[in-house]
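# Residue-level structure breakdown
Chain residues, written in single-letter form:
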Amino acid sequence: MAASIISTLLHCGKSKDGLNTRKDLEVLGIRKDLHRKTKGKRTYLPAALWSLSKTEKKIFCKRLYDFKGPDGYCSDISRGVSLDECKVTGLKSHDYHVLMQQLLPIALRGLLPKGQRVAIVRLCTFFNHLCQRVIDMEQLLELETKIVETLCLFERFFPPSFFDIMVHLTIHLGREARLGGPIHFRWMYPFERYMKVVKDFVRNTGRLEGCIAECYLAEECIQFCSEFLKKT
């Protein structure tokens, strides 16, 4: 979802704003100021309020590029930020999670009109509270109410094509946290990190499983021996 928001703001990658989006607005008969305009053989798309200007794009990308986080907090986000083209690409899912939970409200400070900015900040606040290690059950009920209001704000300011199944999923996350416990202990990021370790075990690309099994067993044996020798 963070990738969709950033791509739409910067109008790059998986942007939800484009020619097909403007055609949808024409079919629905809404937001006539954003309908495509044809001059001769060229088609122009009027600037939307949810898109950043060229200057704002440079400010936004520069803030992400200059970010320095603690060791192990996330990967080097600056490697996926292009200051020349004003694009953000090639980030992992955990990096987008960090952007959504912590960095996006800071990077958007002073940018965008107030309505769009408030909607995005409220969504980021929702994920920030939801992913805490300790969650108050009463606060969860309040979050479930507020996320509905937040998505209504998104419907006011963002195009209909923005609302895919991932956006709708946020409505159910609060209830899932109440039933299953804190999300922090159930997400897949630790296993995805370990997959990187397992991939490094491969020495022969023709025998992937054998390489992983041998190296994993060797590592287990070394750890067992090291623990055994400490007590002797």
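Calculation criteria
- Along each chain, numbering runs from 1 in the same order as the chain's sequence is written.
- Totals for whole chains, interfaces and linings use every residue, but because this is a predicted model, local features are given only for residues with pLDDT of at least 70 and side-chain atom pairs only at 80 or more, for both listing and counting.
- Calculation of side-chain values draws on the structure's entire complement of heavy atoms; hydrogens and water are dropped beforehand.
- The helix count covers DSSP runs of H or I at least four residues long, the strand count covers runs of E at least two residues long, and both are numbered beginning at the N terminus.
- Only C-alpha atoms enter the radius of gyration, while the globule expectation follows 2.2 Å times N to the 0.38, with N the number of residues.
- A contact between two residues is defined here by any heavy atoms of the two lying within 4.5 Å.
- His residues and chain termini do not enter the charge count, which takes Lys and Arg as positive and Asp and Glu as negative.
- Charge placement uses NZ in Lys and CZ in Arg. For Asp and Glu, CG and CD serve respectively.
- Here, a salt bridge means any side-chain nitrogen of Lys or Arg that lies within 4 Å of a carboxyl oxygen of Asp or Glu.
- Between buried and exposed lies partly exposed: a residue is buried under 20% and exposed over 50% of the maximum accessible area for its type, with that area taken using a 1.4 Å probe on protein chains only.
- Candidates for patches are residues over 30% relative accessible area with no salt bridge; among them, like charges are joined within 9 Å and nonpolar side chains (Val, Leu, Ile, Met, Phe, Trp, Tyr) within 5 Å.
- Per-residue and other accessible areas follow the Shrake-Rupley method at a 1.4 Å probe size, with only the shown protein chains counted as cover for residues.
- Comment: axis = line fitted to C-alpha atoms, over the contacting stretch for helices; angle = value between 0 and 180 degrees taken between N-to-C directions.
- Small angles under 35 degrees read as roughly parallel and large ones over 145 as roughly antiparallel, with 65 to 115 read as roughly perpendicular and the rest as oblique.
- Side-chain classes follow a simple rule in which Ala, Val, Leu, Ile, Met, Phe, Trp, Tyr, Cys and Pro form the nonpolar group, Asp, Glu, Lys and Arg form the charged group, and the remainder, Gly included, forms the polar group.
- Remark: nonpolar core denotes a set of buried residues (Ala, Val, Leu, Ile, Met, Phe, Trp, Tyr, Cys) joined through side-chain atoms within 4.5 Å.
- We define a polar contact as two N or O atoms separated by no more than 3.5 Å, with the added condition that, inside protein, one atom must be a possible hydrogen donor and the other a possible acceptor, whereas residues neighbouring each other in sequence contribute only through side-chain atom pairs.
- Aromatic contacts are taken between Phe, Tyr and Trp rings whose centres are within 6.5 Å, Trp giving its six-membered ring; a plane angle under 30 degrees counts as stacked, one over 60 as edge-to-face, and the others as tilted.
- Only when the NZ of Lys or the CZ of Arg is both within 6 Å of the ring centre and within 35 degrees of the ring normal is a charge said to sit over the ring.

### Remarks on the overall build of the protein chain
- Helix and strand counts for the protein chain come out as nine helices and four strands.
- Going from the N terminus to the C terminus, the protein chain shows its helices and strands as α-α-β-β-α-β-β-α-α-α-α-α-α.
- Radius of gyration (C-alpha) of the protein chain: 22 Å, far over the 17 Å computed for a compact globule of 232 residues.
- Judged by the C-alpha coordinates and their principal axes, the protein chain covers about 80 × 50 × 30 Å.
- Partitioning the contacts of the protein chain with sequence separation of at least 6, the portion at a separation of at least 24 is 60%.
- Seen as two clouds, the 37 positive and the 26 negative side-chain charges of the protein chain have centres 8 Å apart.

### Topic: the pattern of salt bridges
- If you walk through the whole model with that rule in mind, you get eleven salt bridges.
- Close ionic contact of lysine 230 with glutamate 227 constitutes a salt bridge, the shortest N to O distance being 3.7 Å. On the criterion of helical spacing, the pair formed by lysine 230 and glutamate 227 is a turn pair, its members being three residues apart in helix H9 (residues 208-230).
- Looking at lysine 230, the relative accessible area reads 65%, which means it is exposed.

### A closer look at a nonpolar patch on the surface
- Nonpolar side chains collect at one region of the surface, where Ile165, Met166 and Leu169 lie side by side and expose about 300 Å² of accessible area between them.
- If you trace the backbone, isoleucine 165 turns up in helix H7 (residues 165-180).

### Topic: the packing of helix H4 (residues 93-107) against helix H8 (residues 189-199)
- Closest axis-to-axis distance for the H4/H8 pair is 10 Å, and the angle between their directions is 140 degrees. Relative to H8, the element H4 is oriented oblique. In this structure, H4 contributes Ser93, His94 and His97 to the contact, and H8 contributes Tyr189, Glu192 and Arg193.
- Residue composition of the contact of H4 with H8, grouped by class: one nonpolar, three polar and two charged.

### Considerations on the nonpolar core
- Ile5, Phe60 and Ile120 are the most contacted members of the largest nonpolar core, which totals 54 residues.
- Of all the secondary-structure elements, those providing two or more residues to this core are helix H1 (2-10), helix H3 (54-65), H4, helix H5 (114-130), helix H6 (137-157) and H7.

### Focus on the side chain of serine 7
- Here serine 7 is to be found in helix H1.
- Only 2.8 Å separates the side chain of serine 7 from the backbone oxygen of alanine 3, close enough to count as a polar contact.
- Sequence-distant contacts of serine 7, defined by excluding residues within four places in its chain, comprise Cys12, Gly13, Lys14 and Ser15.

### Concerning the side chain of threonine 170
- Among the secondary structure elements, threonine 170 is positioned in helix H7.
- For threonine 170, a relative accessible area of 2% translates into the label buried.
- Those residues in contact with threonine 170 that sit more than four places away from it in its chain are Met1, Phe126, Phe127, Ile147 and Leu151.

### What about the packing of H1 against H3?
- Running from amino to carboxyl end, H1 crosses H3 at an angle of 140 degrees, the nearest separation of the two axes being 10 Å. Side by side, H1 and H3 meet where Ile6, Leu9 and Leu10 of the first sit next to Lys57, Phe60 and Cys61 of the second.

### A few points about the packing of aromatic side chains
- On inspection of all chains with the given rule, the structure shows eight aromatic pairs.
- For the ring pair phenylalanine 158 and phenylalanine 162, a centre distance of 5.3 Å and an interplane angle of 35 degrees mean the geometry is tilted. For the pair formed by phenylalanine 158 and phenylalanine 162, the shared burial category is buried.
- Taken together, the aromatic side chains of Trp50, Phe154, Phe158, Phe162 and Phe163 make up a single cluster linked through ring pairs.
- The positively charged end of lysine 39 is found above the aromatic ring belonging to tyrosine 44, 5.7 Å away from the centroid.

All quantities given are derived from atomic positions and should not be read as evidence of function.
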